[in-house]
Amino acid sequence: MGRKQPRIQHTILIWMIVLAIVPISLVSFQGYHCARQALIETQDAHLHAILSTKKAQIERILDVVRSDLHLLSILSFSGVPEPTKGTCQSPSCTCNPLSEALGEKAYYSNLIAFDSNWQVTGSARPMSSPVHLPETFRKSLETASGLVFSNLVNNRNGPEILTGCPLTGQNTGNRGFITGTLNLVPIVKPILSELTGIGPSGRIILVSNSGKSIQWEKGTAHISQPDSMIKAILARLPQETSTPEVMFFPDTGKILVSSMKISTLNWRIFLITSYSDTFKWLNILQNRAIFTGILVFVLVLFIAIKMAARISRPLKTLAGTANSIASGQIANRVPPLPGREAADVAQAFNRMMNNLNTLQQKVAHSASLAAIGELSSSIVHEMRNPLSSVKMNLQALREKVKTDPDYLELSEIALSQAARLENMLTELLSYGKPMELHRVHFKIDEFLESCVTQVLAMTAEKGVHIQTSIASPETTVSGDRELLFRAIVNLLRNAVEAAPKGTTVTISTRTEVALLCFTVTDEGPGIPSAIVEEIFKPFITSKENGTGLGLANVRKIARLHGGTVTAENMEGGGARFVFCIPQENQLT
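Residues numbered from 1 in each chain as written. Predicted model: local features only at pLDDT ≥ 70, side-chain atom pairs only at ≥ 80, totals over all residues. Heavy atoms only, no water.

Q: I would appreciate a short explanation of a nonpolar patch on the surface in the present structure.
A: Together, Phe291, Leu295, Leu299, Phe302, Ile303, Met307, Ile311 and Leu315 make up an exposed nonpolar region whose accessible area comes to about 760 Å². Relative to the assigned elements, Leu315 resides in helix H7 (residues 282-326). (Patch = residues over 30% accessible without salt bridge, like charges linked within 9 Å, V, L, I, M, F, W, Y side chains within 5 Å. Areas by Shrake-Rupley, 256 points an atom, 1.4 Å probe, with all protein chains shown as cover. Salt bridge = Lys/Arg side-chain N within 4 Å of Asp/Glu carboxyl O. Helix = DSSP H or I, 4+ residues; strand = E, 2+ residues; numbered from the N terminus.)

Take a look at the structure:
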């Protein structure tokens, strides 16, 4: 005999108490450390988000500069056969793209285009003196394939850098260069001056690749050599920091420092904020830790007792119902349980049992149909050969007795009954045989014309007229043409057989919501009320010589296409059959 399992109520209670004691102990003994770490991580994410935003602002402007220079290189150079004679590049010319770019962008001080010999071919501003570019900048441009930046310089307009890119004329193949002087004041002002979210002691500093730093002081950007703090930070943090670093300086105390690299310029951006401002809540958190821990433990203990009882009760009910079903009482179901989750489980369990019962019935029904289909197919195949022999012998006998009216009439009756039996066997074999869809596209007007043609001989014999009505003759249907033809012709034949002489059978098409429908109506006596609800079931027929399988095959074809077929009697007399397939099966 196995060891007795503990009750789930007791297990839940014990584990909830244990899970309460462990975190409360951690809060009591390590609360300060956890709070400090949480604040550091929060500040890390906060500073990282601010730096990412600032970095994105700079890189977005640099991307615009890159796009500007690329476009200007096309407008200013490619279309001029001889760059040295590009008179349209004169600053006074209204079609000068350099001047237009200068007027649109506030951060350009000037834009100048050069040929391969560094002769000026165009400029945004009038030039009173020759242009002197740094030698290192020229050499970088001559070997570069993209955007190039110079070192940071401090001019009377504020901090500036030179940028440029090589260009090649698309028509001439001549090589040249386009350069721009970027005024950094409008670029760095929103980055360095807007300090929202980092406190009054925070600041942002840009450090160039040459070691010079840019800071925002008293409403303007200042370039300076790095002070002792910046030198110490650069020595301590040679690469960008993924998390804020804590550093100490005598004049500022502890600070938090984060940095990111601006790859395009090979610069770094630093964010510096006060450590004390960030962690002023630590002392408060430390004092509240013990009180909070005790209060939480009491609450968890109370809730654990209640929840253990609440969780175990529905499980007991579910287990009891499952055991009763296992013992043979398959009609039993789980009663409504308290709580949304428990109620969902009960509904799912009951739905599962209902579906299992339905599935069991469907499987039994499908098995019986399969057995009947297999048996009927075997019987049909076995009966068709002797039936064919009987027909041939009857036809031979009819030839022998054709001079005797009495025996000739008897032979005609025998042959018609044999033909009827053969038709019944054919329809039975068609109903029992699986169908497969072979979709093709065909026009609805041609399709209906062929269906009507198929029954013309029958209508002429009965004196019935067929009228067609097509909502959209150009409609193209997608489906199994042979199966749909068989279904519509079957409905037309039934209508013609039921229609009195001199009346009209109507076939029409219409489109409804997501459906394409064929409607066949006649002016006959209608469907007997006793079988109108079961007219599409196998072997149900109102005709004296009917097999009861024609309309069953029609429904089978409709369902195979994902559609439906319905029948009803009309108020003025006659019957109406509606055969619909999904609208997705037709394209207009």
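Q: Just checking my understanding: could you explain the pattern of salt bridges for this structure?
A: Side chains that differ in sign of charge can pair as their charged atoms come close. Counted under the stated rule, the structure contains three salt bridges. Put simply, Arg66 and Asp63 hold a salt bridge, and the shortest N to O gap is 2.8 Å. Taken together, the residues Arg66 and Asp63, both in helix H1 (residues 8-78) and three residues apart, mark about one turn of the helix. Note on Arg66: relative accessible area 34%, which makes it partly exposed. Taking the shortest distance from any N to any O, the salt bridge between Arg576 and Glu568 comes out at 2.6 Å. Judged by relative accessible area, Arg576 falls into the partly exposed class, the value being 26%. (Buried < 20%, exposed > 50% of the residue type's maximum accessible area, 1.4 Å probe, protein only.)

Q: When you look at the pairing of strand E16 (residues 504-512) in this model, what are you seeing that I'm missing?
A: Consecutive residues of a regular strand have side chains that alternate between opposite faces of the sheet. Two elements, strand E14 (residues 465-469) and E16, share five bridges in a ladder whose sense is parallel. Of the residues in E16, the one forming a bridge with Thr468 is Ile507. Relative to strand E17 (residues 515-521), E16 runs antiparallel, the two sharing seven bridges. Bridging across to E17, Glu512 finds its partner in Leu515. Hairpin geometry of E16 and E17 is characterised by an intervening segment of two residues between the two adjacent antiparallel strands and by a positive phi of about 65° at Ala514. (Pairing = 2+ DSSP bridges.)

Q: Where do I start with unusual backbone geometry in this structure?
A: In most cases, non-glycine residues show a negative phi, while peptide bonds are predominantly trans. At Trp118, a residue that is not glycine, the phi angle is positive and equals roughly 60°. Tracing the backbone shows Trp118 in the loop between strand E1 (108-115) and strand E2 (120-123). Judged by relative accessible area, Trp118 falls into the buried class, the value being 10%. A positive phi is found at Asn266, a non-glycine position, where the angle reads about 60°. Residue placement: Asn266 occurs in the loop between strand E11 (253-262) and strand E12 (267-274).

Q: Quick question: what am I supposed to make of the environment of Ser508 here?
A: Checked against the element boundaries, Ser508 lands in strand E16. Judged by its relative accessible area of 19%, Ser508 falls in the buried class. Separated by 41 residues in sequence, Ser508 and Gln467 place their C-alpha atoms 8.3 Å apart. Setting aside its immediate chain neighbours within four residues, Ser508 contacts Ser469, Cys517, Phe518 and Thr519. (Contact = heavy atoms within 4.5 Å.)

Q: Mind showing me how you'd approach the sheet that holds strand E10 (residues 245-249) here?
A: Hydrogen bonds along the backbone pair up the strands of a sheet, which may run parallel or antiparallel. If you walk across this open sheet you meet the six strands as E9-E8-E7-E12-E11-E10, and the pairing is antiparallel. Looking along the sheet, the strands with just one partner apiece sit at the ends: strand E9 (220-224) and E10. Strand-to-strand twist of the sheet, defined as the mean angle between neighbouring strand axes without regard to direction, takes the value 30°. Looking at chain direction, E10 and E11 are connected through five bridges and run antiparallel. Each bridged residue has a counterpart across the sheet, and for Phe248 the counterpart in E11 is Lys254. (Axes fitted to C-alpha atoms, helices over the stretch in contact; angles between N-to-C directions.)

Q: Please clarify how the environment of Met392 should be interpreted in this entry.
A: Tracing the chain through its elements places Met392 in helix H8 (residues 340-400). In sequence terms Met392 and Leu415 are 23 residues apart; their C-alpha atoms lie 9.3 Å from each other.

Q: Whenever I open this one, the state of the cysteines confuses me. Can you help?
A: Two cysteines joined by a covalent bond between their sulfur atoms form a disulfide. With the rule as written, the count across this model stands at one disulfide. Each sulfur in the disulfide pair Cys517 and Cys580 lies 2.1 Å from the other. Residues Cys517 and Cys580 are joined through a disulfide that is right-handed, its torsion about the S-S bond being 110°. Residue Cys517 is found in strand E17, and its partner Cys580 is found in strand E19 (residues 575-582); the two are separated by 63 residues along the sequence. Both residues of the pair, Cys517 and Cys580, count as buried. (Disulfide = S-S within 2.5 Å.)

Q: Teacher, can you tell me more about the packing of aromatic side chains here?
A: Any pair of aromatic rings gets described here by the distance separating the centres and the angle formed by the planes. Within the structure shown, the criterion is met by six aromatic pairs. Between the aromatic rings of Phe447 and Phe518, the centroid separation amounts to 6.2 Å while the plane-to-plane angle is 70°, which identifies the pairing as edge-to-face. With Phe447 in helix H10 (residues 444-454) and Phe518 in strand E17, this pair connects stretches of sequence that are 71 residues apart. An aromatic cluster is defined as three or more aromatic residues linked by ring pairs; in this entry it consists of Phe442, Phe447, Phe518 and Phe579. Seen from the ring of Phe442, Arg481 lies directly overhead, with NZ or CZ sitting 5.5 Å from the centre. (Phe/Tyr/Trp six-rings, centres within 6.5 Å; stacked < 30°, edge-to-face > 60°. Lys NZ or Arg CZ within 6 Å of the ring centre and 35° of its normal.)

Q: What should I look at first to understand the sheet that holds E16 in this one?
A: Spatially, E14-E16-E17-E19-E18 is the arrangement adopted by the five strands of the open sheet, whose pairing is mixed. Both edges of this open sheet fall to E14 and strand E18 (564-569), since each of them pairs with a single strand only. Strand-to-strand twist of the sheet, defined as the mean angle between neighbouring strand axes without regard to direction, takes the value 15°. In the sheet, E17 pairs with E19 via seven bridges, with the strands oriented antiparallel. Bridging across to E19, Leu515 finds its partner in Pro582.

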